[in-house]
Each structure stands twice: as structure tokens, then as C-alpha cells.
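Read off the chains here:
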Amino acid sequence: MLAASGPAPAVQVSLWHHYLQAIRSREAPRVQDYQRAENVLLTVLERVHALDPRFVVDYSRDLEAFQFALRSSDDPLLMEVPLWVDAEALLIEELGAPGPGDGPACCRLGVPREGAGLERWTTDDVFSASAEDSAECCGHIVPNKVLHVLRDLLVAAIVHCRLHRLIAPGSLNAASLREEPLHLTLLVSSGWRTIRFNLVPVVRRRQRLPALEGAQLTPGFPEGSVARIIGQGVDLVPASAQHWRTCTDYLLTRLLGALGTLQGHRLDSLSILDRVNHESWRDGGHSAGLTFGHLKTVLLWASVLFPAPEDWAELQGAVYRLLVVLLSCLATRNLPHFLRPEHNLLQDSGLDLNAVYQRVEAFASQPEASLRIHATHLGRSPPPRIGSGVKALLQLPASDPAYWATAYFDVLLDKFQVFNIQDKDRISAMQSIFRKTKALGGEES
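What comes next is a walk through the structure. Quantities reported herein were computed from a predicted structural model and do not represent experimental measurements.

## Describing the overall build of the protein
Per the secondary structure count, the protein includes 13 helices and ten strands. Relative to its 445 residues, the protein shows a buried fraction of 49%. For the protein, the accessible area works out to roughly 21100 Å², and carbon and sulfur atoms hold 52% of it.

## Describing the environment of Val-356
Summarising the element assignment, Val-356 is placed in helix α10 (residues 353–365). Separated by 66 residues in the primary sequence, Val-356 and Leu-290 place their C-alpha atoms 8.0 Å from one another. For Val-356, the residues in contact, after removing those within four places along its chain, are Leu-290 and Leu-330.

## Observations concerning the state of the cysteines
Applying the stated criterion across every chain, the model contains zero disulfides. Cys-107 supplies the cysteine sulfur nearest to Cys-106, a cysteine that is in no disulfide, at a spacing of 7.4 Å. When its relative accessible area of 27% is taken as the criterion, Cys-106 is described as partly exposed.

## Comments concerning the packing of helix α9 (residues 315–332) against α10
Between two packed helices, both the angle of their axes relative to each other and the distance between the axes serve to describe the pair. The geometry of α9 relative to α10 is characterised by a closest axis approach of 10 Å and an angle of 155° between their N-to-C directions. Of the possible angle classes, the one that applies to α9 and α10 is roughly antiparallel. For α9 against α10, the interelement crossing comes out left-handed. Between α9 and α10, the residues in contact are Val-319, Tyr-320, Leu-323, Leu-326, Leu-327, Leu-330 and Ala-331 and Leu-353, Val-356, Tyr-357, Val-360, Glu-361, Phe-363 and Ala-364, respectively.

## A look at the packing of helix α2 (residues 27–51) against helix α4 (residues 143–163)
Two numbers describe how α2 lies on α4: the axes approach to 8 Å, and their chain directions differ by 115°. Regarding α2 and α4, the two cross each other, and that crossing is right-handed. Along its contact with α2, which presents Thr-43, Val-44, Leu-45, Arg-47, Val-48 and Leu-51, the element α4 presents Leu-150, Leu-153, Leu-154, Ala-156, Ala-157, Ile-158, His-160 and Cys-161. For the contact of α2 with α4, the per-class residue count stands at eleven nonpolar, two polar and one charged.

## Some details on the packing of aromatic side chains
All chains considered together, the criterion is met by seven aromatic pairs. A centroid spacing of 6.0 Å and a plane angle of 45° characterise the contact between Phe-221 and Phe-338, whose relative ring orientation is tilted. Residue Phe-221 is located in the loop between β8 (193–205) and α5 (225–230), and its partner Phe-338 is located in the loop between α9 and α10; the two are separated by 117 residues in the primary sequence. An angle of 75° between the planes, with centres 5.0 Å apart, marks the rings of Trp-301 and Phe-338 as edge-to-face. Pair noted here: Trp-301 is in helix α8 (residues 292–305) and Phe-338 is in the loop between α9 and α10, with a separation of 37 residues, a long-range link. Through a chain of ring-to-ring contacts, the aromatic side chains of Trp-16, Trp-281, Tyr-320 and Phe-363 assemble into a single cluster. One Lys or Arg, Arg-30, reaches over the ring of Phe-68 and ends 4.1 Å from the middle of that ring. The cationic tip of Arg-54 hangs over the ring face of Trp-121; the distance from NZ or CZ to the ring centre is 5.5 Å.

## Re the pairing of strand β5 (residues 137–141)
The two faces of the sheet receive side chains in turn, since in a regular strand these alternate between them. Of all five residues making up β5, four are buried, and the element is well covered by its neighbours. The pairing of strand β3 (residues 106–112) with β5 spans four bridges and is classified as antiparallel. Among the inter-strand pairings, Val-111 is bridged to a residue of β5, identified as Gly-139.

## A look at α8
Taking 1.5 Å per residue as the helical rise, α8 with its 14 residues ought to reach 20 Å, and the 20 Å between its terminal C-alpha atoms agrees with that figure. Burial runs high along α8: 13 of the 14 residues are buried.

## Comments concerning unusual backbone geometry
If you check the backbone angles, Arg-165 has positive phi at about 55° while not being a glycine. Assignment of secondary structure puts Arg-165 in the loop between α4 and β6 (178–179). Residue Arg-165 is classed as exposed on the basis of its relative accessible area, which comes to 75%. Backbone geometry at Asp-283 places phi at a positive 50°, although glycine is not the residue there. Here Asp-283 is to be found in the loop between α7 (266–281) and α8. For Asp-283, a relative accessible area of 36% gives the class partly exposed.

## A closer look at the pairing of strand β1 (residues 77–82)
Summarising burial for β1: five of the six residues are buried, a large majority. Where β1 lies against β8, six bridges are found, and the strand directions are parallel. Within β8, the residue paired with Leu-78 across the bridge is Asn-198.

## Points about the layout of surface pockets
A volume near 1400 Å³ is recorded for the largest pocket. If you trace the largest pocket, you find 42 residues lining it, with Pro-76, Leu-78, Arg-245, Asp-249 and Gly-293 closest to the centre. The dominant element in the lining of the largest pocket, judged by the number of residues it contributes, is α8, at five residues. Here the lining of the largest pocket is composed, by residue class, of 18 nonpolar, 13 polar and eleven charged.

How each quantity is defined
- Residues numbered from 1 in each chain as written.
- Predicted model: local features only at pLDDT ≥ 70, side-chain atom pairs only at ≥ 80, totals over all residues.
- Heavy atoms only, no water.
- Helix = DSSP H or I, 4+ residues; strand = E, 2+ residues; numbered from the N terminus.
- Buried < 20%, exposed > 50% of the residue type's maximum accessible area, 1.4 Å probe, protein only.
- Areas by Shrake-Rupley, 256 points an atom, 1.4 Å probe, with all protein chains shown as cover.
- Contact = heavy atoms within 4.5 Å.
- Disulfide = S-S within 2.5 Å.
- Axes fitted to C-alpha atoms, helices over the stretch in contact; angles between N-to-C directions.
- Parallel < 35°, antiparallel > 145°, perpendicular 65-115°, else oblique.
- Left-handed = near helix turned anticlockwise from the far one by under 90°.
- Nonpolar A, V, L, I, M, F, W, Y, C, P; charged D, E, K, R; others polar.
- Phe/Tyr/Trp six-rings, centres within 6.5 Å; stacked < 30°, edge-to-face > 60°.
- Lys NZ or Arg CZ within 6 Å of the ring centre and 35° of its normal.
- Pairing = 2+ DSSP bridges.
- Expected span 1.5 Å × (residues − 1).
- 1 Å grid on protein atoms, 1.4 Å probe; cavity = no way out; pocket = protein on both sides within 12 Å on 5 of 7 lines; lining within 4 Å.
- Points joined across faces, edges and corners; volume = space filled by probe spheres on them.

Structure below.
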């Protein structure tokens, strides 16, 4: 005779998953907040387009809500305002190759003398006639003039939308509009949340970037996704008062979306670290520190370095993969841009990288101290997650970045108990990527 069975035991949820569940519970409200704010802004931009057809409303960037939901930080969001111009008919005048570690090369947008359909871009409000006697170029489209025109249009559009009750009272105020050197800042209220948008005029141009087409970026992403996304080309955005530059922000967001189609905890690990960064490393957003863009780049690189599905099957192991790559970049003071590895995202950041390193290392040593949603999670301090030997290894690079040679990186991965890396071919591939980027493992010895 079978004994009566009691109630099923409660499933024990790990602290990592409990923390993740709390983050996920806020994703839907954040998406709704973003969509409400975006609707307000799109209504205003529709009026801008009605006032001046040279500025277009872009309804195609549907991944911004997805990216906003992943974040806990409140860094400004990019809103691109495309210009209605045939970019292929413009003259792209490169100003020389950037130096080592610099950002993308700057250029000027020239209007050809014989250009048909470009008359609206030769008016004084956005155009500067060339002082040079050129047979091809009659002048240039000037970024700061474009920004000034867009600002005036936004003020007029906001006033019109408020008077005609096209936007909810209090959702948007022209007084919050500020003209920055390279963008316009606008605060949009959505329920109790205020979202800061950076509006940037962009020129859509299907410009091929040969440096982005290497096979080294293929592992870890869905088959064919990298080539398909990169093939969409890049935008041109203001780089200074007179110059433009290429912008790959949309491509990076698309690559992040591609990772979201894979099984595993890639995006979960990013969400966890972004919240820890916001709450612990940046003191609730009150201190300077790493941005969501920095952490997103770390995930993109980690996905290449750890391409196997089993690398992301366990949540804690997924987070530690990002931590090891992040610690490496902080120690070498070099976080390569994912699509332009020669550009260091930490260069001229103004951050105290030693202090940031210490905070990240402290979390890697004892993550439980930061995995708290509210005060009821306070309790006895748990033991360190990693042993004293590995902690000593982590502390060494803070004073001597040479320890982050490829061999040191491999030793550290092998020491972490959450890893089980025995595949020599994969380690060899990682070393090759480190050498090509000249960053994610230090210089070759």
C-alpha cells in the first residue's frame, strides 16, 4: 500500500535566478513606458516633417524598445531623425584616416554642382557655399546648421501639438529642449518615468565597411546574421560643427537582437550586470561609470569568444564569462569597439578605471553582496564565490596590465569553477581574436 504523499517540496530558486526574475518583472512596464514616450516624440516629429519635409520620421527602428527593456540604467536614448536626401548623390570628402585608438574618420558632405534634386539642401539655413574653386563641389551641408533648424522646428511642433491636444498635458515641454554640440536633448514624460532622448540628424548611406566583413565576428551568432546585418550599411551623424562621421549604433542593436534569438543566458547576463552596474558600481546612477553601451560591447565580444551553446546554458557561468572579459578590458584599459576594434571605447572616457576595476573584481569575488532587490534580502554575509588563490590572480592586473597576456587570461578561465573549458581549438581561436583586436588579451609577448 502506498503511503499518502505530502505536498511537493518548494523549488529552491537560486539567488541569481531570483535576481533575474525581479529584473524581468520590470521589463513589460519599461517597454510600455518607452512606447508611450516614443509615441509622443513621433507625434511631434510628424509635425516637424509637415513643417519641413527635409526631416523624415523613422518608424523602422523597432529594436529600441527591446534594448530599453534590458536596461536598468537611465542613460539617454538615441532617436535618429533621417534627412530626406539622396546620399549617393552627395560627395563624401574624407578628412584622412583616424589615428590609432581614435574613432571613425570624419568627412564633409559636399553638394555637387550638377546634382539634380538637391536644391533644397543648398539653402542658407543648412548649406555653406564652398570658398574653394571646385569644378565638382559647390558647398557643404553643415551639421550645426541642420541641428539649429531642427531645434526651431521641434519648438514649433511641440507648441502646435500642445495647442491641438495631440500630446498629453505634461508629457513634453519645449523648455526641456537643449541644443548640445552634436545632438538635441529632449525630456519626455511617460507615466511616472521621464526618458531622455538625444535627437540626432542622420544621413542614410549604404556604405560598405571592409573592416566589418571579417569572419572573426561570425562565431557565436546565428548563421548568416552578421553578414546580413553589416550589409545594411552605416549612417552618417554629426561629428563636429562642420563634419560628419559614420555611426554603427543601429548595427550593434541589431546584433544584440540576433543574440536574443539564441537559447541561453546571453541577454540575461547583460541585464544582470547592467543592474549591478547601475545600483552598486554607479551608486544608483549618481556616480560616473560604465554605460550600457560598454556592457553591450562586452557581451558581443564574449559571444564571439564563447560561441558554444553550452557556454551560456547556466546563468552564473554566463555572467562570469562577461566578468572575465570586462576585467581584462579594464586592466588593459582597452575595450575595443565591436565593429571597429582599432577604436578604444575606454579611451578619453574620463573614468577612474582602477576604481571601476576594484568594484567589478569585488563583485566577481562575492556577488551575493550586490544581488539584492530590497532591504529584506539583507542577511548574513555569504562566503566568497571564488577562492583566495583566484582572487589574488584577479587583483594582480590592477597594478600590472602585463598579466593580462593571453596565457594569463586562459589560466584565469581555467581557475574559475563556473567554467569547464577543455577545448584547445577554442582557446586557440580566442588567442587569435585577441591578437587581431590588440586588446582583449593584451599585447603578444
